[in-house]
Number of protein chains: 2
Amino acid sequence: MGHPLTQHALLLLQCMLVLRPGGVAGRRGPVLLPESPCYKAEHPLVPHSEMEPWIFRFKAEGTVDFSQLTFDPGQNELIVGARNHLFRLSLEDLTLIQGAEWRCDEFTKGACFSRGKSEEECQNYIRVLLVNGNRLFTCGTNAFTPICTNRTLTNLTEIHDQISGMARCPYNPRHNSTALITSGGELYAATAMDFSGRDPAIYRSLGGMPPLRTAQYNSKWLNEPNFVSSYDIGNFTYFFFRENAVEHDCGRTVFSRAGRVCKNDIGGRFLLEDTWTTFMKARLNCSRPGEIPFNYNELQGTFYLPELEMLYGIFTTNVNSIAASAVCAFNLSAITQVFSGPFKFQENSRSAWLPFPNPNPDFQCGTIDYGSYVNLTERNLQDAQKFLLMHEVVQPVVPVPYFMEDNVRFTHVAVDVVQGKDQLFHIIYLATDYGTIRKVLSPLNQSMGNCLLEEIELFPPRKRQHIRSLLILHSRSELYVGVRDQVLKIPLKRCDYHKTREACVGARDPYCGWDLVLKKCTTLEESVRMSQWEQSITKCPVSTAEHTPPPTHTHTPLALYLTHTHTHTHAQTCTC
Amino acid sequence: MGHPLTQHALLLLQCMLVLRPGGVAGRRGPVLLPESPCYKAEHPLVPHSEMEPWIFRFKAEGTVDFSQLTFDPGQNELIVGARNHLFRLSLEDLTLIQGAEWRCDEFTKGACFSRGKSEEECQNYIRVLLVNGNRLFTCGTNAFTPICTNRTLTNLTEIHDQISGMARCPYNPRHNSTALITSGGELYAATAMDFSGRDPAIYRSLGGMPPLRTAQYNSKWLNEPNFVSSYDIGNFTYFFFRENAVEHDCGRTVFSRAGRVCKNDIGGRFLLEDTWTTFMKARLNCSRPGEIPFNYNELQGTFYLPELEMLYGIFTTNVNSIAASAVCAFNLSAITQVFSGPFKFQENSRSAWLPFPNPNPDFQCGTIDYGSYVNLTERNLQDAQKFLLMHEVVQPVVPVPYFMEDNVRFTHVAVDVVQGKDQLFHIIYLATDYGTIRKVLSPLNQSMGNCLLEEIELFPPRKRQHIRSLLILHSRSELYVGVRDQVLKIPLKRCDYHKTREACVGARDPYCGWDLVLKKCTTLEESVRMSQWEQSITKCPVSTAEHTPPPTHTHTPLALYLTHTHTHTHAQTCTC
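Residues numbered from 1 in each chain as written. Chains lettered and ligands numbered in written order. Predicted model: local features only at pLDDT ≥ 70, side-chain atom pairs only at ≥ 80, totals over all residues. Heavy atoms only, no water.

**Some words on the overall build of chain A**
Right, on to step 1. For chain A, the helix and strand inventory stands at six helices and 36 strands.
Right, on to step 2. The buried share of chain A, taken over its 576 residues, is 60%. (Helix = DSSP H or I, 4+ residues; strand = E, 2+ residues; numbered from the N terminus. Buried < 20%, exposed > 50% of the residue type's maximum accessible area, 1.4 Å probe, protein only.)

Encoded structure:
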């Protein structure tokens, strides 16, 4: 039931198609055809010096909020969710394969206005974008009346069914949410369930299992949470979020949490009807150690490495505090261990929060121990109702955060694991709140500490935009970034920009080494043979060794421009 | 029993005396006589541009830690306590009137070494310097064996008696302490009472009242406190300090406190023998308001204005946190009100801290209500033992701190109340941790906010020193500063440095106005008549309007140099 394409949309598609071939040809982003209808004078081309020539960009006239990105299973296409639009883009050069409009109808909009919301708010903001086999499950806020659709992945205008987005997608585009679909087809979503956003829930629906949710209006279950991410791991579905702390009385504080539920949970009977009986949560600690540790309380983003069962998290201070950010890594085993330990429990409001032994340690959703878990006893249910919060705090892999910086807030994180000459390296990509991406080398050992390798500028200084999504494609070593008015693609391996042996080895870039045979800076794959491939990542690049954060008042980046080594080929963008 | 003057000390005094006449003459600080024995090549004179010509300085060869400053009653002399030395200086030009050595004997030093302390630590650091009539009561750490002496104010080498410094002066020069002497001659001291510093106490001794202390090794009374200041007000003696919070379970935190005891307290009988029966404490709140307030938890310095019954406090974040400072002002009435309210009480470790009604509100030490307070009932004593902490928090005069700044820590504060053309102004002087002094105009009204008027540089950029004491003399409008190797005097009224009407009025300096008759920038006193004296302090000086904090990594001051208006007369310092 897609809406009929408007005149504008037709022009839009047409102009994009005009651009496509050029894009494919040059591998330099879509070529701008001056005679094409999409040229806009008020979009002046950015001067050479201010641009990174190796960045590809996609824009669509009038389309904003490129906040949802995902890949098709074959990893040939980038699926994009923007306000009122869905797109399929070629991974090669971000040229348009298909665009589909998805606006809310006038009646819904009218209802939205009548409830005092603005034109800006009463739009369809895509907030769920999940690939499920050959289908795309996607939800939008639809002017505060969230809806979800199932579409053919290869033809986004082909809609199979449409269901309510309630408890699957937020009403308010500003509310955070997360969702995933399991192999069994169940949708796990964590979002606000109502217009006002006062009723948050972790909700399971669709698939073969009965729908379940977290207890309603119970601040001990969820206390004004901001949902960050979710992962399907083993018998559990994990949710990462931050919420107002309940376990102490020292003024309002936000804590970061890891929460989990059993995928085979069927809810309680009489007690906890239609509610999780396996929901637990634990605090995640990321702090600067010291006599009085300095806490980075608020989780902003995560990245999970399944092979290593390791979770990277970015944490910041509260918005009302001085800006500061840190990166901490957690082993899944550490999280599991805390969930196996004692609970934190408060008998009544006059008593203190005290540890309470875990009646069911090493709980594996009943699949391993104590036979079938379906026959829950009353005892279990009563426990399940009051024992939610773990007493122990999940500690990171190392006590000191992998990376810390004052006067900046990180918003998104992506991690790449790179085979260097001698070892594997973790490269952490951090989106800053002023629209740049930090490339940080994870500490190789306690002594060495981290390295800030580079700060990637996506925009000219005065045209910076907040980053809304960050997605890494390991197979292609590429980073995809969604911002307000465009999608960008950043190739991560750019060794050929280092022209001399000194520049190449001195960059300390795990992706690159100096090939003594080819006499050029290459990736490991490009090198003739490893023995002739020179790389030395024993210490940080000099330029960034004692790096200092940008002052609070201005967002000057560290300006480790690569431009001095750039070949100034000019990347053009379709400025429709 | 002063020690015999050593050869070195003789030379010292002699060289100072040589300098004196010149100093008196020139009103430019002691003149340097090149032939005098105190000229030292390794103390090069600072080049003009780097110095404030209007600053007077006093140095004494080999003497460091000018950490204690006070005035004689007639306010003609500055009494100075430095390591192993006491000095009397002329307020006029900081020339030496008398110097007295006060070193610890070899036996005491030996004992200090034998306990593993260093040569640096095993010295006599003056930590108490109190004028008591025509006597000077002063205590020193004396190589971790604190002692106190009573001396003739007009002749510091004349020692009347010497008593133990225990519970009056810290053992360790690094430990904070505070002390005062009442008109009745009682000494109230708050300090660590032992070698290790693990036994802190608020202790009364001397005078006519029985000696009393806070309960020993009881963290609910004092929990690793850092004592900041003390004041004798009405029936009470007030102590201001910071300590580890006990009233919550959200990790170790430091809170700032106002504590008080009754001056007529005589201690308990059986219960609370030799212990305060009237000790109470309350939390002081200084925070940046918001949904989640940002707390400046740690009190660093205070300044009390008796006429206004108002206390200025400077608060910072914890040393392990990002540096940030704020200035909050509290009315004594607000503090009294909290002391009249409910207590915070924890029945046992398993119960929460809960409010408990105050059995004795508006307690005035028994002098006002319920007749003579001497006959305490058992009930009172039991209450006195468990009800120490007030439930309410003392809130500042206005919810938003008077002044806030990130990336800097203020260490000392002094306030001057200045009569401007139209109203009274509060000028706040803030010592920074990098050796400059901020001159801030207290907000005139909620809307206007504060003004940073000036940053006074005491040293050339690369020679900065931590400020150890800050003392204001209202009668002369002068600021006295003690640092590691010198004492400085800063005249606060420097109107004649503003040469033009624009500069004069534009400086927005409450001390200064443009005299239309004299055609010069004058103080109110110097002006011919008020009607002809121009001053406009409606908004902040432009140069500081949108001031930004110095970046974290370097301590560049705001550099509001006055030098452009300076007459570059060169101030000379005795570099003995």
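Once you've had a look at it, read on.
**A closer look at helix α2 (residues 106–114) of chain A**
Residues and elements named next belong to chain A.
Right, on to step 1. Residues of α2 that are buried include every one of T108, K109 and C112, and no others. For α2, the buried positions fall inside an angular range of 100° around the axis, keeping them on one side. Opposite the buried face of α2, by more than 90 degrees, sit the exposed residues E106, F107 and S114.
Right, on to step 2. Immediately downstream of α2, the backbone of G116 shows phi near 85°, a positive value. (Arc of directions from axis to C-beta.)

**With respect to the sheet that holds strand β2 (residues 68–71) of chain B**
All names here are of chain B.
Right, on to step 1. In spatial order, the strands read β2-β3-β4-β5; together these four strands make up an open sheet with antiparallel pairing. Two strands lie at the open edges of the sheet, namely β2 and β5 (96–101), each paired on one side alone. Geometrically, the sheet is characterised by an average inter-axis angle of 15° between neighbouring strands, direction not taken into account.
Right, on to step 2. The pairing of strand β4 (residues 85–90) with β5 spans five bridges and is classified as antiparallel. Within β5, the residue paired with L86 across the bridge is A100. (Pairing = 2+ DSSP bridges. Axes fitted to C-alpha atoms, helices over the stretch in contact; angles between N-to-C directions.)

**Looking at the pattern of salt bridges**
Right, on to step 1. Here the structure, examined in full by the defined rule, presents 58 salt bridges over all chains.
Right, on to step 2. Among the salt bridges present, the one from E502 of chain A reaches R501 of chain A, with a minimum N-O distance of 3.6 Å.
Right, on to step 3. Residue K489 of chain B pairs with E478 of chain B through a salt bridge whose shortest N-O separation is 3.0 Å. With K489 of chain B in strand β33 (residues 487–491) and E478 of chain B in strand β32 (residues 478–482), this residue pair connects regions lying 11 residues apart in the sequence. Accessibility classification places K489 of chain B together with E478 of chain B in one group, the buried group. (Salt bridge = Lys/Arg side-chain N within 4 Å of Asp/Glu carboxyl O.)

**Focus on the packing of aromatic side chains**
Right, on to step 1. Under the defined criterion, the tally for this structure stands at 42 aromatic pairs over all chains.
Right, on to step 2. Measuring from centroid to centroid gives 4.9 Å for F144 of chain A and F195 of chain A, while their planes differ by 45°, and the two rings are tilted. With a gap of 51 residues between them, F144 of chain A in the loop between β7 (135–140) and β8 (147–152) and F195 of chain A in the loop between β11 (187–192) and β12 (200–205) connect regions that are remote in the sequence.
Right, on to step 3. On the basis of relative accessibility, which here comes to 4%, the residue F144 of chain A falls in the buried class.
Right, on to step 4. With 6.0 Å between their ring centres and 15° between their planes, Y188 of chain B and W276 of chain B make a pair best called stacked. Of this pair, Y188 of chain B sits in strand β11 (residues 187–192) while W276 of chain B is found in the loop between β16 (254–262) and β17 (280–284), placing the two residues 88 residues apart along the sequence.
Right, on to step 5. The class for Y188 of chain B is buried, based on a relative accessible area of 0%.
Right, on to step 6. By relative accessible area, W276 of chain B is classed as buried at 0%.
Right, on to step 7. By the ring-pair criterion, three or more aromatic residues cluster together here, those being Y231, F236, Y238, F240 and Y304 of chain A.
Right, on to step 8. The lysine or arginine in question, R115 of chain A, covers the ring of F195 of chain A, its NZ or CZ lying 3.7 Å from the ring centre. (Phe/Tyr/Trp six-rings, centres within 6.5 Å; stacked < 30°, edge-to-face > 60°. Lys NZ or Arg CZ within 6 Å of the ring centre and 35° of its normal.)

**A word on the sheet that holds strand β35 (residues 520–523) of chain A**
Residues and elements named next belong to chain A.
Right, on to step 1. On the basis of which strands lie adjacent, the open sheet formed by three strands has the order β35-β34-β36 and antiparallel pairing. A strand with exactly one partner marks an edge of an open sheet, and here the two such strands are β35 and β36 (533–534).
Right, on to step 2. As paired elements, strand β34 (residues 512–515) and β36 share two bridges and run antiparallel to each other. Bridge pairing in β36 links W514 to E534.

**Things to note about unusual backbone geometry**
Right, on to step 1. Of note, the phi angle at D274 of chain A is positive, near 60°, even though the residue is not glycine.
Right, on to step 2. Tracing the sequence through the fold places D274 of chain A in the loop between β16 (254–262) and β17 (280–284).
Right, on to step 3. A positive phi angle is found at D362 of chain B, which is not glycine, with a value near 50°.
Right, on to step 4. On the secondary structure map, D362 of chain B appears in the loop between β24 (353–356) and α4 (378–386).

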